[in-house]
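Commentary on secondary and tertiary structure
Letter by letter, the chains look like this.
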There are 2 protein chains.
Amino acid sequence: MRANVERQLLADIPLARAMQLRIDSWNGDSLHMSAPLAANVNDKGCAFGGSLVSVMTLACWSLIRLVVEQAGEDCDIYVQDSTVRYLAPVWNDFSADAHLAPGQSWPAFFKALQARGKSRLSAHCEILLADGSIASTLAARFVALRRDATAAGVDAAQSTIAGQSRGVAR
Amino acid sequence: MRANVERQLLADIPLARAMQLRIDSWNGDSLHMSAPLAANVNDKGCAFGGSLVSVMTLACWSLIRLVVEQAGEDCDIYVQDSTVRYLAPVWNDFSADAHLAPGQSWPAFFKALQARGKSRLSAHCEILLADGSIASTLAARFVALRRDATAAGVDAAQSTIAGQSRGVAR
């Protein structure tokens, strides 16, 4: 199942291929995704910020996708918003650890999905350096829409997202 | 100068090549960057969130880079943190408009750079749909370090960034 989601990412998203992503492990609660520096380098020789945020976003997305699939649900999963902090440059191949944000729970997520065909979830992800210190963090919100509800729901969901987000102070 | 920065981005950042970025225009205050959907598509057939945030980040970065070069300064420019909102799916080739955040000014930025060899700046970027509505927004903070100060300054700057960011509430 892990290998299947990795294959789909690489098949469906050209940038995932360009970044040479790999899903290394998944234990139901967290997911570990890695990428080589060479494919993701910037003008300074360290990891490109766009690669770091992309890997962290896809690690969270893949975690949700795997848990949703395991539960037998058929959903489209969209990222809604995210905040990234770049704390230290990354000079080597890197990996990202994705997990639910504090206060989030899978049972609550699935309860909403079953009731309304749509559910939201916040996830966090970190990129660690070899010494265990944190190089980058991401906090992101996702929305899952049941595929049978997607055609009708995606516009409504995006309207809701737009409405909510425009009200958020920056 | 615009063409030169575009050439450097594509030469130095493999992911910029994979995204097929172009800097379309730059007028000193804002910068317009574009990318084709095909190279940046996701599993749903619309633009991949990682591409949207990467393009918006690089549009802001390129704006700062061009203004800094025009002023005759030689700096490394790092993204420090960013917040992205994905408001509507993007089903076509897309472009990003980068500009300073409200309350930011180039004179204040250069004053700090000249005094300390280091300066910070906040920039905003939007991706617009064909009908003029906003598909995605990015708000990001950058730090510029004079190259002659970089060797000594980058660790100090990253420490400062880390210290600040860990104190920011999410």
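The structure contained in this document is the topic of the report that follows. Nothing here was measured: the structure is a model prediction, and the numbers come from that model.

Reading the values: rules and limits
Here the residue numbering is sequential within each chain, running from 1 through the sequence in written order. Going through the entries in the order they are written, you letter the chains from A and number the ligands from 1. With the structure being a predicted model, the display of local features is reserved for residues of pLDDT at least 70 and the display and counting of side-chain atom pairs for 80 or more, all residues being used for whole-chain, interface and lining totals. The side-chain numbers reported here are obtained from all heavy atoms of the structure, hydrogens and water having been left aside. Structural elements are reduced to axes, namely lines fitted to C-alpha atoms, with helices fitted over the stretch in contact, and the angle between N-to-C directions of any two is expressed from 0 to 180 degrees. Secondary structure counts use DSSP, requiring at least four H or I residues in a row for a helix and at least two E residues in a row for a strand, with both numbered from the N terminus. Each angle receives one of four descriptions, namely roughly parallel if under 35 degrees, roughly antiparallel if over 145, roughly perpendicular if within 65 to 115, and oblique otherwise. A clockwise turn of the near helix away from the far one marks a right-handed crossing, whereas an anticlockwise turn of less than a right angle marks a left-handed crossing. The contact definition used throughout considers only heavy atoms, calling two residues in contact when any of these lie within 4.5 Å. When two components associate, each loses some accessible surface as probed by a 1.4 Å sphere; the sum of these losses over both components is called the buried area. Every case where a carboxyl oxygen of Asp or Glu lies within 4 Å of a side-chain nitrogen of Lys or Arg is listed as a salt bridge. Pairs of N or O atoms within 3.5 Å make up the polar contacts considered here, provided that, within protein, one atom can donate a hydrogen while the other can accept it, and that residues adjacent in sequence are counted only when both atoms are side-chain atoms. Nonpolar residues are Ala, Val, Leu, Ile, Met, Phe, Trp, Tyr, Cys and Pro. Charged residues are Asp, Glu, Lys and Arg, and all others, Gly as well, are polar. When DSSP finds at least two bridges between two strands, those strands are taken to pair. Counting rule for disulfides: a pair of cysteine sulfur atoms within 2.5 Å. The rule is simple: take the accessible area with a 1.4 Å probe, protein chains only, and divide by the maximum for that residue type; under 20% is buried, over 50% is exposed, in between is partly exposed.

Quick word on the packing of helix α3 (residues 49–70) of chain A against helix α4 (residues 106–116) of chain A
All names here are of chain A. In the contact formed by α3 and α4, the axes pass within 12 Å of each other and the chain directions differ by 65 degrees. Viewed along their axes, α3 and α4 adopt a mutual orientation that is roughly perpendicular. α4 is crossed by α3, and the crossing has right-handed handedness. The segment α3 lies against α4, with Leu-63, Ile-64, Val-67 and Val-68 engaging Trp-106, Phe-109 and Phe-110.

A closer look at the interface of chain A and chain B
At the interface, 44 residues of chain A touch 44 residues of chain B. Here chain A meets chain B over a buried area of about 3900 Å², counting both sides, of which 59% is carbon and sulfur. There are two salt bridges connecting chain A and chain B. Here Asp-81 of chain A ties to Arg-85 of chain B by a salt bridge, and the two come within 3.9 Å at their closest N and O atoms. Here chain A and chain B share nine residue pairs in polar contact (both at pLDDT 80 or more) between them. Here the side of chain A that touches chain B gets eleven residues from one element, more than from any other, and that element is strand β3 (residues 75–86) of chain A. Of the residues belonging to the side of chain A that touches chain B, the class tally is 26 nonpolar, ten polar and eight charged. Where β3 of chain A lies against strand β3 (residues 75–86) of chain B, five bridges are found, and the strand directions are antiparallel. Looking at the pairing, Ser-82 of chain A lines up with Val-84 of chain B of β3 of chain B.

Overview of the sheet that holds strand β6 (residues 134–146) of chain A
Overall, antiparallel pairing links the twelve strands, which are arranged β1(A)-β2(A)-β4(A)-β5(A)-β6(A)-β3(A)-β3(B)-β6(B)-β5(B)-β4(B)-β2(B)-β1(B) in an open sheet. The two strands at the open ends of the sheet, each matched to only one other strand, are β1 (22–26) of chain A together with β1 (22–26) of chain B. Averaged over all neighbouring strand pairs, the angle between strand axes comes to 25 degrees, with direction disregarded. Summarising the sheet, β3 of chain A and β6 of chain A pair through eleven bridges and their orientation is antiparallel. Residue pairing across strands places Val-79 of chain A opposite Phe-142 of chain A, the latter belonging to β6 of chain A. Lying on the sheet, helix α4 (residues 106–116) of chain B is in contact with β3, β4 (94–100), β5 (118–128) and β6 (134–146) of chain B; it crosses β5 of chain B at an angle near 145 degrees.

Observations regarding the state of the cysteines
Tallying each qualifying case throughout the model produces zero disulfides over all chains. The thiol of Cys-46 of chain A is not disulfide-bonded; the next cysteine sulfur, from Cys-75 of chain B, is found 16 Å away. Judged by its relative accessible area of 4%, Cys-46 of chain A is buried. Free of any disulfide, Cys-60 of chain A has its nearest neighbouring cysteine sulfur in Cys-125 of chain A, separated by 4.7 Å. Owing to a relative accessible area of 0%, Cys-60 of chain A belongs among the buried residues under this scheme.

Geometry only, nothing functional implied.
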